[in-house]
Amino acid sequence: MIEIHDLRKEYRRGAETVLACSVRELRVAPGEQLALMGRSGCGKTTLLNVIAGIQRPTSGTVAVCGTDLATLSEGGLDRFRARHVGIVFQTFNLLQPFTALENVMLGAVFGGRADARHRARAQELLERVGLGDRLAHRPRELSIGQQQRVAMCRALIHEPELVLADEPLGNQDRETGTRVLEMLLEIARDEGRTVVMVTHDPESARLMQRTIDLKTLREAS
Ligand SMILES: Nc1ncnc2c1ncn2[C@@H]1O[C@H](COP(=O)(O)OP(=O)(O)O)[C@@H](O)[C@H]1O
Ligand SMILES: [Mg+2]
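Each value, and the rule that gives it
- Residues numbered from 1 in each chain as written.
- Chains lettered and ligands numbered in written order.
- Predicted model: local features only at pLDDT ≥ 70, side-chain atom pairs only at ≥ 80, totals over all residues.
- Heavy atoms only, no water.
- Pairing = 2+ DSSP bridges.
- Helix = DSSP H or I, 4+ residues; strand = E, 2+ residues; numbered from the N terminus.
- Axes fitted to C-alpha atoms, helices over the stretch in contact; angles between N-to-C directions.
- Buried < 20%, exposed > 50% of the residue type's maximum accessible area, 1.4 Å probe, protein only.
- Expected span 1.5 Å × (residues − 1).
- Arc of directions from axis to C-beta.
- Contact = heavy atoms within 4.5 Å.
- Near = heavy atom within 4 Å.
- Polar contact = N/O pair within 3.5 Å; in protein donor to acceptor, adjacent residues only side chain to side chain.
- Areas by Shrake-Rupley, 256 points an atom, 1.4 Å probe, with all protein chains shown as cover.

Caption draft 1: Up close: the sheet that holds strand 6 (residues 85–88). As summarised here, the arrangement of the 5 strands in space is 6-7-8-3-9, forming an open sheet in which the pairing is parallel. Strands at the two margins of the open sheet, each flanked by one partner only, are strand 6 and strand 9 (210–213). Taking each pair of neighbouring strands and ignoring which way they run, the sheet shows an average axis angle of 20°.

So this is what it looks like as structure tokens:
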């Protein structure tokens, strides 16, 4: 599902070069549930962005679903993401003017193909995470945990092979966060989707099949 070799992502800051992320090799199998851990600033968000095709690596190869991302144009990357990748952002990025149901459906609009089938799937997903009676609520009318569940449903609406989540448990209490994460993992397992999640929380990491500390992936230097 993911194959990375000799990846480096650097930023130029004036005369200085900052190495944001370095991965010698990483392979993630289809259907796998992987936790990425590591101290703040070690490059977890950068790595997720590179896998999602949101940021281009400075060097190295990144293949997702069998496609070398370097072969895709900017527009090609957008289409690739809309087809194959679902993302749960740390801050959820829900759109305030829209209802929970609409926010979930918007995840399919970016793929250019939201239709009646997507409305039905959006409703089904929201019901599955216990929000069947909150379809018409706007994000500010929902608790943080509920907003997080909406964000997860939005990441799943277009049936992506790969789901990426960046510390999705944020600042809510652990018990709520763990329950919400269990819902995501259960849906992903039932539907055969691969999940890569960044987390600080060892308890959440234990729910995943495999845990990797990013610093162990760095090339020896
Ligand atoms: N746009 C940028 N310009 C310069 N340095 C950056 C930029 N974005 C991130 N970095 C640096 O890259 C490193 C990795 O950042 P990040 O991937 O956000 O880490 P994490 O998610 O593990 O906390 C950090 O040291 C950060 O300061
Ligand atoms: Mg981060």
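On we go from here.
Caption draft 2: Geometry of the pairing of strand 4 (residues 59–64). With 5 bridges joining them, strand 1 (residues 2–13) and strand 4 adopt antiparallel strand pairing. Opposite Arg8, over in strand 4, you have Ser59 as the bridge partner. Bridge analysis of strand 4 against strand 5 (residues 67–68) gives 2 bridges, and the strand direction is antiparallel. Paired with Val64 across the strands is Thr67, a residue of strand 5.

Caption draft 3: Molecular detail of the side chain of Asp201. As for its placement among the helices and strands, Asp201 is situated in the loop between strand 8 (194–198) and helix 7 (202–206). When its relative accessible area of 14% is taken as the criterion, Asp201 is described as buried.

Caption draft 4: Structural context of helix 4 (residues 116–128). Helix length check: helix 4 (13 residues) gives 18 Å between terminal C-alpha atoms against 18 Å at 1.5 Å per residue, within 8%. Within the span of helix 4, buried status applies to His118, Arg121, Ala122, Leu125 and Leu126. Along the axis of helix 4, the buried positions cluster into a sector of 130°, meaning they face one direction only. Among the exposed residues of helix 4, those pointing more than 90 degrees away from its buried face are Ala116, Arg117 and Glu124. Buried-residue contacts for helix 4 involve helix 3 (100–109), helix 5 (144–156) and helix 6 (174–191). In the stretch just after helix 4, Gly130 is the one whose phi turns positive, near 85°.

Caption draft 5: Geometry of unusual backbone geometry. Despite not being glycine, Phe92 shows a phi value in the positive range, around 70°. The residue Phe92 is located in the loop between strand 6 and helix 3 in this model. The exposure class of Phe92 is buried, given its relative accessible area of 8%. In the Ramachandran plot, Asn93 falls in the positive-phi region, its phi being about 55° despite a non-glycine side chain. Looking at the secondary structure, you find Asn93 in the loop between strand 6 and helix 3. The class for Asn93 is partly exposed, based on a relative accessible area of 38%.

Caption draft 6: Broad picture of the site of ligand 1. Contacts to ligand 1 come from Tyr11, Arg13, Ala20, Arg39, Ser40, Gly41, Cys42, Gly43, Lys44, Thr45 and Thr46. Contacts to ligand 1 include Cys42, whose backbone N or O atom sits 3.2 Å from an oxygen atom. Note that an oxygen atom of ligand 1 is positioned 2.5 Å from one of the side-chain N or O atoms of Thr46. Considering ligand 1 on its own, with 570 Å² of exposed area, one finds that the protein chains cover 62% of that surface.

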